[in-house]
Structures are given as C-alpha cells and as structure tokens.
Amino acid sequence: MDAPRYPFRPIHSIRALALALGESEQLLERLAARADRMYRHVPQEKKVKPGKPPETRDTYDAHEPLKRVQRKLVDRILSKAKFPSYLHGGIKDRKSPRSIHSNAAVHAGARFVILQDIQNFYPSISKRHVDALFRQLFGFGASVAALLSSICTREDSTPQGASTSGYIANLVFWDVEPKIVKDLLGRGFQYSRFADDITISCGRKPSSDELTNIVSTITGMLAAKGCHQKRTKLHMRVRGQGIEAEDATFQPITVTGLSVFNSSPSLTKLERKRIRSAVRELEVMSDSRSDWAELDAMYHRAMGRVGRLLACGHPDGEALKARLNAVKRSYQTPLLERYQQAITAVLAAEANSLAEALPGASQATEYDGPLPWD
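All values reported here derive from a predicted model rather than from experimental measurement.

Basis of the calculations
- Residues numbered from 1 in each chain as written.
- Predicted model: local features only at pLDDT ≥ 70, side-chain atom pairs only at ≥ 80, totals over all residues.
- Heavy atoms only, no water.
- Phe/Tyr/Trp six-rings, centres within 6.5 Å; stacked < 30°, edge-to-face > 60°.
- Helix = DSSP H or I, 4+ residues; strand = E, 2+ residues; numbered from the N terminus.
- Buried < 20%, exposed > 50% of the residue type's maximum accessible area, 1.4 Å probe, protein only.
- Contact = heavy atoms within 4.5 Å.
- Polar contact = N/O pair within 3.5 Å; in protein donor to acceptor, adjacent residues only side chain to side chain.
- Core = buried A, V, L, I, M, F, W, Y, C linked by side-chain atoms within 4.5 Å.
- Patch = residues over 30% accessible without salt bridge, like charges linked within 9 Å, V, L, I, M, F, W, Y side chains within 5 Å.
- Areas by Shrake-Rupley, 256 points an atom, 1.4 Å probe, with all protein chains shown as cover.
- Salt bridge = Lys/Arg side-chain N within 4 Å of Asp/Glu carboxyl O.
- Lys, Arg positive; Asp, Glu negative; His and termini not counted.
- Charge placed at Lys NZ, Arg CZ, Asp CG, Glu CD.

Chemist: Is there a simple way to explain the packing of aromatic side chains in this structure?
Modeler: The description of two aromatic rings rests on the distance between their centres and on the angle between their planes. Under the counting rule described, the total for this entry stands at 12 aromatic pairs. Pairing Y6 with F140 gives two aromatic rings, centres 5.8 Å apart and planes at 90°, and the pair type is edge-to-face. With Y6 in the segment before α1 (14-21) and F140 in the loop between α6 (127-137) and α7 (142-151), this pair connects stretches of sequence that are 134 residues apart. Pair check on accessibility: Y6 and F140 agree, each one buried.

Chemist: I tried to follow the environment of Y39 on my own but got confused; where do I start?
Modeler: Tracing the sequence through the fold places Y39 in strand β1 (residues 39-45). Judged by relative accessible area, Y39 falls into the buried class, the value being 10%. Between the C-alpha atom of Y39 and that of R154, which follows or precedes it by 115 residues, the distance is 8.1 Å. Those residues in contact with Y39 that lie beyond four places of it in its chain are Y60, D61, A62, H63, L66, Q70, I151, C152, T153, R154, P159 and A162. Within the local environment of Y39, its side chain forms a polar contact with the side chain of Q70, the two groups lying 2.9 Å apart.

Chemist: Any chance you could explain the nonpolar core here in plain terms?
Modeler: The nonpolar side chains of soluble globular proteins are, as a tendency, buried together. L17, I77, F134, F138, F140, Y191 and I200 are the most contacted members of the largest nonpolar core, which totals 68 residues. In this structure, V113, V255, V279 and A302 belong to the second largest nonpolar core, which totals 25 residues.

Chemist: Quick question: what am I supposed to make of the side chain of E283 here?
Modeler: On the secondary structure map, E283 appears in helix α11 (residues 269-286). Within the structure, E283 has its side chain in polar contact with the side chain of R323 (distance 2.8 Å). Sequence-distant contacts of E283, that is, excluding residues within four places in its chain, are made with R323 and V327.

Chemist: How should a positive patch on the surface be read in this particular structure?
Modeler: A cluster of basic side chains, namely R5, K80, K82 and K95, defines a positive patch on the protein surface. Taking the relative accessible area as the measure of exposure, K95 reaches 84% and is therefore exposed.

Chemist: What should I look at first to understand a nonpolar patch on the surface in this one?
Modeler: Judged by side-chain polarity, Y339, I343 and L347 come together as a nonpolar surface patch covering roughly 340 Å² of accessible area. Note on placement: I343 falls in helix α14 (residues 335-357). By relative accessible area, I343 is classed as exposed at 51%.

Chemist: What am I meant to see in unusual backbone geometry here?
Modeler: With the exception of glycine, the majority of residues adopt a negative phi angle, and the majority of peptide bonds are in the trans configuration. P65 follows E64 through a cis peptide bond whose omega is 0°. Along the chain, P65 turns up in the loop between β2 (56-62) and α3 (66-76). The backbone of A195 sits at a positive phi, close to 60°, despite the residue not being glycine. Within the secondary structure, A195 sits in the loop between β4 (190-194) and β5 (197-202). Taking the relative accessible area as the measure of exposure, A195 reaches 18% and is therefore buried.

Below, the structure written as structure tokens:
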C-alpha cells in the first residue's frame, strides 16, 4: 500500500535530537517553551467576489532562532520521509517531481471529477495531532515528540507560513488516507491531494450511492484529524460542465488551476490571456518607475504565473519569462559600474577624512583678511 513512512532510525532522546539538528539541548527546550511568542503575523488578502468586503488569511513568519531550527527540522527530518504518489503539494522529489502539473495530470481526460476543499486546514491541525505524528509515524520518543510538536505549532495549532507546516499538512492523514486511496483505486477512481485541495475522478459517471459514499468517507477522514470539508467548494461535474466563477460566468473545470479537459493538463485560454496581460502590465509600469523596489512584488507575482505555463510546456512560457527578466535587467547596474561607484565613494570618504585631519584646513577656507602679498 502506498503510504507515508520514515525509513530512518527513530530519535528517542532530546540529546540525540540536538545532535541531529546541530543545536544545543538548552536552546531546543527554550524554543519549545516560548514558540507561541516567536512569530510575526503576516495577513494575506484573499480573493473575494466583487461587492463583498475584503478578507484576509492569517499567516505567520517565525523569528530567529526558531526559524533556523524549523528549517533544519525540514531538511534533516521531515523531508526525509517517503511521501506517497497521491500527495503533490510542496514535496521535493527528484525521481518523481511533484507540482500543480503532476497533481492535475492524475485527472487529465477524466469524464467525472469531484473537487473538495478542507476548511481552515492549517489552523485545524492541532498540537495533539502533530505530537501523534512524530510518535507514531516517525517512531520518536514521547519527550522528543512533545518538544517537536511545540516547536512546530503556535497556540495549539499549525501556523500557515512556517517552513514545517507544509510537511505536517502532507503527513497528518498518514494513518487514514492510504486505506481510502487504495479502496478508491480498486473501484476505478483516481485520487490526489495538493495541500488542502482533494480531487477524485474516474472515466465514467458514478452512481448517486457511490458519490454519497465518497463524500462521507472523505468527511470522516477529515473529522479524524479535527478538520472539516468546505461545503461551498464541493463540486461534482461531468466532463464539459463548468463551475460558476466570481463574475457569474461559467468556467471550465480546473484542478490546481489547470484544465483537465484534454489528455494532458493545460491552462485555460482566459488564464493564458491574464498571464500575458500581467507581463505587459509590468512592462508598461517599468516605463514610469525608476526604483525596482516598486516593481519587485509585481515581477514575482507575474513570474509565478508564467511558471504555470512553463510547467505545462506551453511555448509562450519561455518567451514571457524572457520578457520579465529583460525588465528586471534594465534596472540592474552593470558590475563594472557598481565597482566604479563603490571606488568613487571610498575615495570621497577618504578625502573628507583627510581634510578634517589637516590642522587649520577648515580655517584656511574661511579666511577673509588680507593676503601676505597684499
């Protein structure tokens, strides 16, 4: 059965954990005790329908040294777990690369698609479930699991934005999800999960009893870990049916933003048009902005969207990427010019220091009396 597993020796003591992370036992214990107060709140705006009040998503950025320890925990422990093929979000896997494209490819060409979303996923993962994850999946000792669950949570929940949270979100259903996936595959369905997005598809139209069973089974899986399904994002569609968008129009079914209508995932025509518009907008804005800092966020947003074209192998991807990088290069000072500017600044600073050090230099410049030869 395709399931998460940890193929290395378990860690049973705080001392062994400290050695594995290259940190002192005292620091780890202090961080575990104070982790709740070591985050910066970074609210992110959500997309809302026109006319509705703005909404924000609560994300958190860990302060040092908690951030450093969390990164080490990811690099040396969490990322070493073996992730099943049905998980696609935020997993580094050279043998089997995971992305929005690999997630959508599972369902490409399907006749029937079920889209489900987990409501408030990260805040719903409690410290208790993180502790159980380290004890049962990783096999760590109770004291180690308790310490790590404190380092990875904030106020009894998993903070969205922390480097450890994505891995915990992938692994939290480790003991219930594999059995469900195996059962679905045996009945001719395909299953994938990208963070909080669950997609199930098949090459035929399921009966109403099958659909009821699938929805109730997923609901039970979520409830086992304190999570709930977002009813407003539960969609069941036959191939060719659309989903009502924010502007009251009907858009094609997409899985993690990619159309699965054809045999391979692709972006819709509307999304490709929006990506080209985003690149053009940056080019136009660059004509009236002298400081790159004003355009940096827009550049990264546009590049992220172009990355979706690249993931699909669309021919426009490389061309649009080149246009974005051309705008960025136009704001970068050539290396030789930067050296010349730095040398000029150093020489000017030395000249000022020398002028201040010479006795009477300042008075000489201000002398207003008769000169000796007058």
